[in-house]
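# Fold and contact review
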Amino acid sequence: MNFGTVLMLALRSIGRNPMRSFLTMLGIVIGVAAVIAMLAVGNGAKNMISQQIGALGTNVIMVMPGAFTQGGVRSEAGTSSRFTEDDIAAITAKCQSVKYATPVARTSAQIKFGNQNWRTSVYGGYPNYLSIRDWPLSSGTIYTESDEHSSDKVCLLGQTVVDNLFGDKNPVGAIIRIKNIPFRVVGVLESKGQNAMGMDQDDQVIMPFSTAQKRLIGATYVNSIIISAIDEKSVEDAKQQINQVLVANHRGSGGDGVDFTIRTQTEIAAAAEKTSGTMGMLLASIAAVSLLVGGIGIMNIMLVSVAERKREIGIRMALGARGSDVLAQFLVEAVVLSVLGGTIGIIIGGSISMMIATFQHWPVDVSWQSIALGFSFSAAVGIFFGWYPAKTA
């Protein structure tokens, strides 16, 4: 028999018991739908993480006070290094791979405008803070070096703050009160959305570092430092140079333990992708179990079918069919069942992905690779679990 005849016989046999055939395919349908949905959500999550990591800025390096292990010995609690503006000056002067560096001050505060108020995060940084973060303005201008030196009460607003305090009005030039201190709004930041930790980056106010330190926080030390390398290739060199400068600065000033952490965008992205990969493995395991159950279901029904159709098999062989013809007939039936289930599963998986995107506002990406993988999985399951019943026939 040629392949066309075998395929026709397989479809005719499947069509004799449509309900049994559908129930046989159900495990494959669920498994492939899970694979498609899992890959769509996973790819969407990876794309979102890449965008969010990119939103941190250009070739960004972050330096934070905190414990780390050096030479197998962990610094004692309470030995965390306190950075000062002298550290930023040293990094800028001595690190050839560094383009920009700024201290960062952070606090939270209630902001008022008219009869509206909103609680948000307040960040202080040098004027190059926005260059490091690669964060343009949608309106207005950035504060200047003169504002930084004189601790002027000026600020930039994120879009979420603007929406909650001003609505559709242009806030540039308006006077708002932060901790009951009047500040003039000089610009509005372009919207950036959520960061890799799920926080709204637009829900913040940015102002000169000296203003935040003196007028809102009342501290002289630096919360953290953010730095931009001159290009992507220089990030690791910049990290080593920064480490050398900070170690020399703090040990030279009498510090026994140098206790800080340096993180690059690449490391942050790797950590986020590792978390995403773990979740992907969990979803893949669920999909694999569904496919396994579906394959066992196909094998079971095919064995029942072989037992029911002994008379048919005997007649075909009496009329000249070879053992290979009978094997091919039952194997093609198993593969057709599996591939039909896979096709339905692909449609359902794609539909589930679109529903997740529509109702949960989660980014999804149904790729041609995932569709090809769904077909491949279903065909492989059909061949693997259909071989034994076909051989038995």
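Residues numbered from 1 in each chain as written. Predicted model: local features only at pLDDT ≥ 70, side-chain atom pairs only at ≥ 80, totals over all residues. Heavy atoms only, no water.

A word on the overall build of the protein chain. Along the protein chain, the regular secondary structure elements total 12 helices and 12 strands. Within the span of the protein chain, comprising 393 residues, buried residues form 45% of the whole. Of the contacts formed within the protein chain by residues at least 6 apart in sequence, a portion of 78% connects residues at least 24 apart. Summing over all exposed atoms, the protein chain offers an accessible surface of approximately 19,900 Å²; the carbon and sulfur share of this is 59%. (Helix = DSSP H or I, 4+ residues; strand = E, 2+ residues; numbered from the N terminus. Buried < 20%, exposed > 50% of the residue type's maximum accessible area, 1.4 Å probe, protein only. Contact = heavy atoms within 4.5 Å. Areas by Shrake-Rupley, 256 points an atom, 1.4 Å probe, with all protein chains shown as cover.)

Our focus in this paragraph is a nonpolar patch on the surface. Taken together, the side chains of Met19, Phe22, Leu23, Leu26 and Ile30 make up a nonpolar region of the molecular surface, amounting to roughly 480 Å² of accessible area. Here Leu26 lies in helix H2 (residues 18-54). (Patch = residues over 30% accessible without salt bridge, like charges linked within 9 Å, V, L, I, M, F, W, Y side chains within 5 Å. Salt bridge = Lys/Arg side-chain N within 4 Å of Asp/Glu carboxyl O.)

By the element assignment, Arg106 lies in strand S4 (residues 98-113). Take Arg106: its relative accessible area is 41%, and that puts it in the partly exposed class. Sequence separation between Arg106 and Ala212 is 106 residues; the distance between their C-alpha atoms is 7.8 Å. Setting aside chain neighbours within four positions, we find Arg106 in contact with Ser121, Val122, Tyr123, Ile217 and Asn223. Side chain to side chain, Arg106 and Ser121 meet in a polar contact 3.3 Å long. (Polar contact = N/O pair within 3.5 Å; in protein donor to acceptor, adjacent residues only side chain to side chain.)

Bridge count for strand S6 (residues 137-140) against strand S9 (residues 181-189) is 3 bridges, and the pairing is antiparallel. Looking at the pairing, Gly140 lines up with Gly187 of S9. Here strand S7 (residues 154-157) pairs with S9 via 4 bridges, running parallel. By the bridge assignment, Cys155 is partnered in S9 with Val185. In the sheet, strand S8 (residues 175-178) pairs with S9 via 4 bridges, with the strands oriented antiparallel. (Pairing = 2+ DSSP bridges.)

Now for the packing of helix H10 (residues 310-318) against helix H11 (residues 323-359). At a closest axis distance of 10 Å, the pairing of H10 and H11 adopts a crossing angle of 140 degrees. Considering their axes alone, H10 and H11 lie oblique with respect to each other. Of the two elements, H10 crosses H11, and the hand of that crossing is right-handed. Between H10, through Glu312, Ile313, Arg316 and Met317, and H11, the contact on the second element is made entirely by Gly323, Val326, Gln329 and Phe330. For the contact of H10 with H11, the residue count by class is 4 nonpolar, 2 polar and 2 charged. (Axes fitted to C-alpha atoms, helices over the stretch in contact; angles between N-to-C directions. Parallel < 35°, antiparallel > 145°, perpendicular 65-115°, else oblique. Left-handed = near helix turned anticlockwise from the far one by under 90°. Nonpolar A, V, L, I, M, F, W, Y, C, P; charged D, E, K, R; others polar.)

Turning our attention to the confidence of the model for the protein chain. Regions with low pLDDT carry predicted coordinates that are not meant to be interpreted in detail. Counting all residues, the mean pLDDT for the protein chain is 81, and 85% of those residues have values of 70 or more. Of all secondary-structure elements in the protein chain, the lowest mean pLDDT belongs to strand S3 (residues 73-74), at 39, while S7 reaches the highest, 97. (pLDDT = per-residue confidence, 0-100.)

One non-glycine residue, Ser151, lies in positive phi territory at about 55 degrees. Accessibility expressed as a relative area gives 5% for Ser151, which makes it buried. The phi torsion at Lys179 lies on the positive side, around 55 degrees, for a residue other than glycine. Taking relative accessible area as the criterion, Lys179 reaches 40% and is therefore assigned partly exposed.

Note on placement: Gly187 falls in strand S9. Separated by 48 residues in the primary sequence, Gly187 and Ser139 place their C-alpha atoms 5.6 Å from one another. Those residues within four positions of Gly187 in sequence are excluded, and the remaining contacts are Ser139, Gly140, Thr141, Cys155, Leu156, Leu157 and Val172.

Let us now look at the packing of aromatic side chains. For the coordinates displayed, the defined rule picks out 3 aromatic pairs. Taken together, a centroid distance of 4.2 Å and an interplanar angle of 35 degrees make the contact between Phe113 and Phe166 tilted. In this pair, Phe113 is assigned in strand S4 and Phe166 in the loop between helix H6 (159-165) and S8, connecting sequence segments 53 residues apart. Judged by its relative accessible area of 25%, Phe113 falls in the partly exposed class. Seen in terms of ring centroids, Tyr126 and Phe209 are 6.1 Å apart; in terms of plane orientation they differ by 85 degrees. Their pairing is edge-to-face. With a gap of 83 residues between them, Tyr126 in the loop between strand S5 (116-125) and helix H4 (129-132) and Phe209 in helix H7 (residues 209-217) connect regions that are remote in the sequence. Comparing Tyr126 with Phe209, the two get one shared label, buried. (Phe/Tyr/Trp six-rings, centres within 6.5 Å; stacked < 30°, edge-to-face > 60°.)

Turning to the environment of Ile344, a few remarks are in order. Of note, Ile344 is situated in helix H11. Overall, Ile344 belongs to the partly exposed group, its relative accessible area being 30%. If sequence neighbours within four positions are ignored, Ile344 has contacts with Met25 and Val29.

Now for the nonpolar core. Formed by 43 residues in total, the largest nonpolar core has its most connected members in Ile91, Ile178 and Ile242. When residues in this core are grouped by element, the largest group, 6 residues, is from helix H8 (residues 235-252). Among the nonpolar cores identified, the runner-up in size contains 27 residues, and Leu291, Leu337, Phe385 and Ala390 belong to it. (Core = buried A, V, L, I, M, F, W, Y, C linked by side-chain atoms within 4.5 Å.)

So, about the pairing of strand S1 (residues 60-65). In this structure, S1 lies alongside strand S11 (residues 224-229), joined through 4 bridges in antiparallel fashion. Residue pairing across strands places Val60 opposite Ser228, the latter belonging to S11. Relative to strand S12 (residues 260-264), S1 is paired through 5 bridges, and the arrangement is antiparallel. Within S12, the position partnered with Ile61 by the bridge is Thr264.

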